[in-house]
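Residue-level structural notes
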Amino acid sequence: MSWFESLLLGLLQGLTEYLPISSSGHLAIASSLFGIDGEQNLAFTVIVHIATVLSTVVILWKEIVWILQDLFTRQSWKSYSGLNEGTRYAVNILISMIPVGVVGVFFKDRIEDIFGSGTTVVGCCLLVTAALLAFSYWAKPRQKERITGWHAFVIGIAQAIAVLPGLSRSGSTIATGLLLGDKKEKLAQFSFLMVIPPILGEALLDMKDLIESAGAGANGSETGIGVLIIGFLAAFLSGCAACKWMISIVRKGKLIWFGVYCAIVGLVTLLFL
């Protein structure tokens, strides 16, 4: 991988992780165009995932501090309704992790096979993302005061399904929350915070594979340290910008244009790649 490819892929990872256009789908398309084998660049995958998590922490640090403060405040743990707002928020994040945890434990190998099956799946899933964004734009459910535990679980199911390449994780979770009637002001923040544990888990699994391949004497990464630094900085800076931008976009309800973009890219992928 060259420094230019690292820069481009890092920018793609940072931007598309937050914008509802699928980071996995765009990275698969870019890797296909560049002739890059993702299995040979595990170190790069790990480093850009870590950069993505850090960008979330930087942009949403106030919300993270609020949650941690409430967790250590005296409260009643006897029931969900007895918890304070910050603790209930943290519990909702844990609830949202259940579906993706089940998928990761029981279907990991199958998902990896799908990722290696070419760009046809990516194109189809981008069209599904476009349809989901369009549907959430036109639907007008009654607004709920807060994200409930049940809503968190349903949004978590959307996140679990969005492990497929081309299905946007942020697009699926935000659109699902909108269809459930959750308020726009809170939804983007919840979507980005709930994704931190799965991204870290994915990075740890990739790191485990990297260590195992290195221990076996395999060439697990053909990427030099300078190229990794470029990819990290590109993913971190673009992730910070995209995270702030996306929160503003969700508040304004302008997701339909991302649906149009996903539809165009999906059709081009199916027709020409």
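So, a few notes on the structure that sits alongside this text. What you are looking at is a predicted structure, and each value in this text was computed from that prediction instead of being measured. One numbering rule holds for all chains: residues counted from 1, following each sequence as written. Restriction of local features to residues with pLDDT of at least 70 applies here, the model being predicted, together with a cutoff of 80 or more for giving and counting side-chain atom pairs; totals for whole chains, interfaces and linings are based on all residues. Water and hydrogen atoms were dropped before computing side-chain values, which therefore reflect all heavy atoms in the structure.

**Section: the overall build of the protein**
Here is the rule: Only runs of H or I of at least four residues qualify as helices and only runs of E of at least two qualify as strands under DSSP, and these elements are numbered from the N terminus. Every residue pair with non-hydrogen atoms within 4.5 Å of one another is taken to be in contact. All accessible areas in this document rest on Shrake-Rupley with a 1.4 Å probe, and a residue is counted as covered only by the protein chains that are shown.
Helices and strands together make up the secondary structure of the protein, namely 13 helices and zero strands. Listed by position from the N terminus, the elements making up the protein come as α-α-α-α-α-α-α-α-α-α-α-α-α. A sequence separation of at least 24 residues applies to 81% of the contacts in the protein between residues at least 6 apart. As displayed, the protein has an accessible area near 13,400 Å², and 69% of this comes from carbon and sulfur atoms.

**A short note on the packing of aromatic side chains**
Stated precisely, the cut-off is as follows: Side-chain rings of Phe, Tyr and Trp, where Trp is taken by its six-membered ring, are said to pair if the distance between their centres is within 6.5 Å; with planes under 30 degrees apart they count as stacked, over 60 as edge-to-face, and otherwise as tilted. Buried residues are those whose accessible area, probed at 1.4 Å on protein chains only, stays under 20% of the maximum for their type, while exposed residues exceed 50% and partly exposed ones sit between those limits.
One pass over the full model with this rule turns up eight aromatic pairs. Ring geometry for Tyr 18 and Phe 192: centres 5.0 Å apart, planes at 90°, overall edge-to-face. A residue pair is termed long-range when its members are at least 10 positions apart, and Tyr 18 in helix α1 (residues 3–18) and Phe 192 in helix α10 (residues 184–194) qualify at 174 residues. With a relative accessible area of 2%, Phe 192 lands in the buried category. Seen from their ring centres, Phe 232 and Phe 236 are 6.4 Å apart, and the 0° between their planes marks the pair as stacked.

**Digging into the environment of Arg 169**
Let me state the cut-off plainly: Polar contact is the term for a pair of N or O atoms within 3.5 Å; when the atoms are in protein, one must be able to donate a hydrogen and the other to accept it, and sequence-neighboring residues count only if both atoms are side-chain atoms.
Looking at the element boundaries, Arg 169 is found in helix α9 (residues 169–180). Separated by 149 residues in sequence, Arg 169 and Pro 20 have C-alpha atoms that sit 7.1 Å apart. With near-sequence residues (within four places) excluded, Arg 169 lies in contact with Glu 17, Gln 159, Ala 162, Val 195, Pro 198, Ile 199 and Glu 202. Within the structure, Arg 169 has its side chain in polar contact with the side chain of Glu 17 (distance 3.5 Å).

**As for helix α5 (residues 85–106)**
Which entries qualify depends on this criterion: The span you would expect from a helix comes to 1.5 Å times its residue count less one. The reported bend at a residue is simply the angle between two axes, fitted to the 7 residues ending at it and to the 7 residues beginning with it.
Look at α5: 33 Å from first C-alpha to last across 22 residues, which is about the 32 Å you get at 1.5 Å a residue. The largest bend in α5 amounts to roughly 30° and is located at Ile 98, with the proline Pro 99 lying one to four residues further along. Along α5, the residues classified as buried are Gly 86, Thr 87, Arg 88, Tyr 89, Ala 90, Asn 92, Ile 93, Ser 96, Pro 99, Val 100 and Val 103.

**Observations regarding the packing of helix α2 (residues 23–34) against helix α7 (residues 119–138)**
We apply this condition: For helices, the axis comes from a line fit to the C-alpha atoms of the stretch in contact; other axes are also lines fit to C-alpha atoms, and the angle between any two N-to-C directions lies between 0 and 180 degrees. Helix crossings are classified by the rotation of the near helix relative to the far one: an anticlockwise turn of less than a right angle makes the crossing left-handed, while a clockwise turn makes it right-handed. Side-chain classes are defined by residue name, with Ala, Val, Leu, Ile, Met, Phe, Trp, Tyr, Cys and Pro counting as nonpolar, Asp, Glu, Lys and Arg as charged, and the others, Gly among them, as polar.
Closest axis-to-axis distance for the α2/α7 pair is 10 Å, and the angle between their directions is 145°. Between α2 and α7 the crossing geometry is left-handed. Mapping the contact onto sequence places Gly 25, Ala 28, Ile 29 and Ser 32 in α2 and Thr 119, Val 122 and Leu 126 in α7. Within the contact of α2 with α7, the residues separate by chemical class into four nonpolar, three polar and no charged.

**Concerning the environment of Thr 173**
For Thr 173, the location among the structural elements is in helix α9. Judged by its relative accessible area of 1%, Thr 173 is buried. Remark: the alpha-carbon pair of Thr 173 and Phe 190, spanning 17 residues in sequence, is separated by 9.2 Å. Excluding residues within four positions of it along the chain, Thr 173 makes contact with Ile 155, Ala 158, Gln 159, Ser 191 and Met 194. A polar contact of 3.1 Å, which involves the side chain of Thr 173, links it to the backbone oxygen of Ser 170.

**Comments concerning a nonpolar patch on the surface**
This is how it is decided: Patch definition: residues above 30% relative accessible area lacking any salt bridge, with like charges linked at up to 9 Å and the nonpolar side chains Val, Leu, Ile, Met, Phe, Trp and Tyr linked at up to 5 Å. The rule for a salt bridge is simple: a side-chain nitrogen of Lys or Arg has to be within 4 Å of a carboxyl oxygen of Asp or Glu.
Among the surface-exposed residues, Trp 257, Val 260, Ile 264, Leu 267, Val 268, Leu 270, Leu 271 and Phe 272 lie close enough to one another that they form a single nonpolar patch of about 850 Å² accessible area. Within the fold, Leu 267 resides in helix α13 (residues 256–272). Here Leu 267 falls in the partly exposed class, since its relative accessible area comes to 45%.

**Some thoughts on α9**
Under the 1.5 Å per step criterion, the end-to-end length of α9 is 17 Å for 12 residues, consistent within 8% with the ideal 16 Å. Looking only at α9, the buried set comprises Arg 169, Ser 170, Gly 171, Ser 172, Thr 173, Ile 174, Ala 175, Thr 176, Gly 177 and Leu 178. Residue Gly 181 follows α9 closely and has a positive phi angle near 95°.

**Some details on empty space enclosed by the protein**
A water-sized probe, rolled over the atoms, reveals where empty space remains. Convention followed: Think of a 1 Å grid over the protein atoms and nothing else: a 1.4 Å probe that fits but is trapped marks a cavity, an open set flanked by protein within 12 Å on at least five of seven lines marks a pocket, and residues with an atom within 4 Å of a point count as lining. Grid points are joined across faces, edges and corners, and a volume is the space filled by probe spheres set on the points.
Within the structure shown, the criterion is met by one cavity of 30 Å³ or more. Lining the largest cavity are Glu 17, Arg 169, Ser 170, Ser 191, Phe 192 and Val 195. When residues of the lining of the largest cavity are traced back to their parent elements, those giving at least two are α9 and α10. A per-class count over the lining of the largest cavity returns two nonpolar, two polar and two charged.

**Considering the pattern of salt bridges**
Between side chains of opposite charge, a pair can form as their charged atoms come close. Following the criterion strictly, the structure yields three salt bridges and no others. Across the pair Arg 169 and Glu 17 runs a salt bridge, and its minimum N-O distance is 3.5 Å. Of this pair, Arg 169 sits in helix α9 while Glu 17 sits in helix α1, and the two are 152 residues apart along the sequence. Both residues of the pair, Arg 169 and Glu 17, count as buried. We note a salt bridge from Arg 146 to Glu 85, for which the minimum N-O separation is 2.9 Å. One end of the pair, Arg 146, is in the loop between α7 and α8 (149–161); the other, Glu 85, is in helix α5, with 61 residues separating them in the sequence. Several salt bridges share partner residues, and in doing so they unite Glu 85, Arg 88 and Arg 146 into one network.

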